[in-house]
Amino acid sequence: MRLYHSSEVSVTKPDTIHSRDFLDFGKGFYLTSIHEQAVKYAQRFIRRQKEAWLSVFELEFELSDWKVLSFDSYDKEWLAFVADCRAGNDHTDYDLVIGGIADDRVIQTLDRYFEGELSENETLGLLKYEKPNIQYCIRSQKMLDECLKHIESKKL
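Given the structure is predicted, the values throughout are model-derived calculations rather than measurements.

Chemist: Help me understand helix H1 (residues 35-47) in this model?
Modeler: Residue pairs three or four apart in sequence face the same way in an α-helix, which turns once every 3.6 residues. Compared with the 18 Å implied by 1.5 Å per residue over 13 residues, the 19 Å span of H1 between its first and last C-alpha is a close match. Taken as a whole, H1 has its buried residues at Gln37, Ala38, Ala42 and Phe45. Looking straight down H1, one finds its buried side chains confined to an arc of 135°; they lie on one side. Looking at H1, the residues exposed on the side facing more than 90 degrees away from the buried face are Glu36, Lys40 and Arg47. On the buried face of H1, the contacting elements are strand S1 (2-7), strand S3 (53-59) and strand S6 (134-138). Remark: Gln49 follows H1 within two positions and exhibits a positive phi of approximately 60°.

Written out as structure tokens, the structure is:
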């Protein structure tokens, strides 16, 4: 499967060390299968007068060999997992987590939920109208090394 990663540098050998803490799916290397989404995300670097790179990868793995969590929608389970990860309370050992991105509009809704302004049901009610953008978070260095192959990097 072809995946894309946007950054201010070309990434040819990804690792989990450089990931920030408290992201949607925890610490890991984030990619998307949607080319347009990756290019749009890279625009934030250009707006900051930085270089923007699109690195292209191929991900190949046997599902039975890895611990994978996948979310098909913004649902109760997705909300609980993202809330735990963003609060630093995720203690799971998934190699790969797949699901919707908390983009700007989703983040605004999540912030209101985390602040107690919205209930779980109100939050999920607002999120059901959002079309999930897909993200892949590879959380284990072993999976990065064994399953992800760099194809090319392009400066945007």
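Chemist: Would you mind showing me how to read the layout of surface pockets here?
Modeler: A water-sized probe rolled over the atoms picks out the places where empty space is left. In this model, the largest pocket occupies a volume close to 1400 Å³. Here the lining of the largest pocket takes eight residues from H1, the largest share from any one element. Classifying every residue of the lining of the largest pocket gives 17 nonpolar, 10 polar and 14 charged.

Chemist: Teacher, can you tell me more about the environment of Leu54 here?
Modeler: Tracing the sequence through the fold places Leu54 in strand S3. The spatial distance from the C-alpha of Leu54 to the C-alpha of Gly100 is 20 Å, given a sequence separation of 46 residues. Every residue in contact with Leu54, bar those within four places of it in the chain, is listed here: Tyr4, His5, Ser6, His35, Ala38, Val39, Glu152, Ser153, Lys154 and Leu156.

Cut-offs applied
Residues numbered from 1 in each chain as written. Predicted model: local features only at pLDDT ≥ 70, side-chain atom pairs only at ≥ 80, totals over all residues. Heavy atoms only, no water. Helix = DSSP H or I, 4+ residues; strand = E, 2+ residues; numbered from the N terminus. Expected span 1.5 Å × (residues − 1). Buried < 20%, exposed > 50% of the residue type's maximum accessible area, 1.4 Å probe, protein only. Arc of directions from axis to C-beta. Contact = heavy atoms within 4.5 Å. 1 Å grid on protein atoms, 1.4 Å probe; cavity = no way out; pocket = protein on both sides within 12 Å on 5 of 7 lines; lining within 4 Å. Points joined across faces, edges and corners; volume = space filled by probe spheres on them. Nonpolar A, V, L, I, M, F, W, Y, C, P; charged D, E, K, R; others polar.

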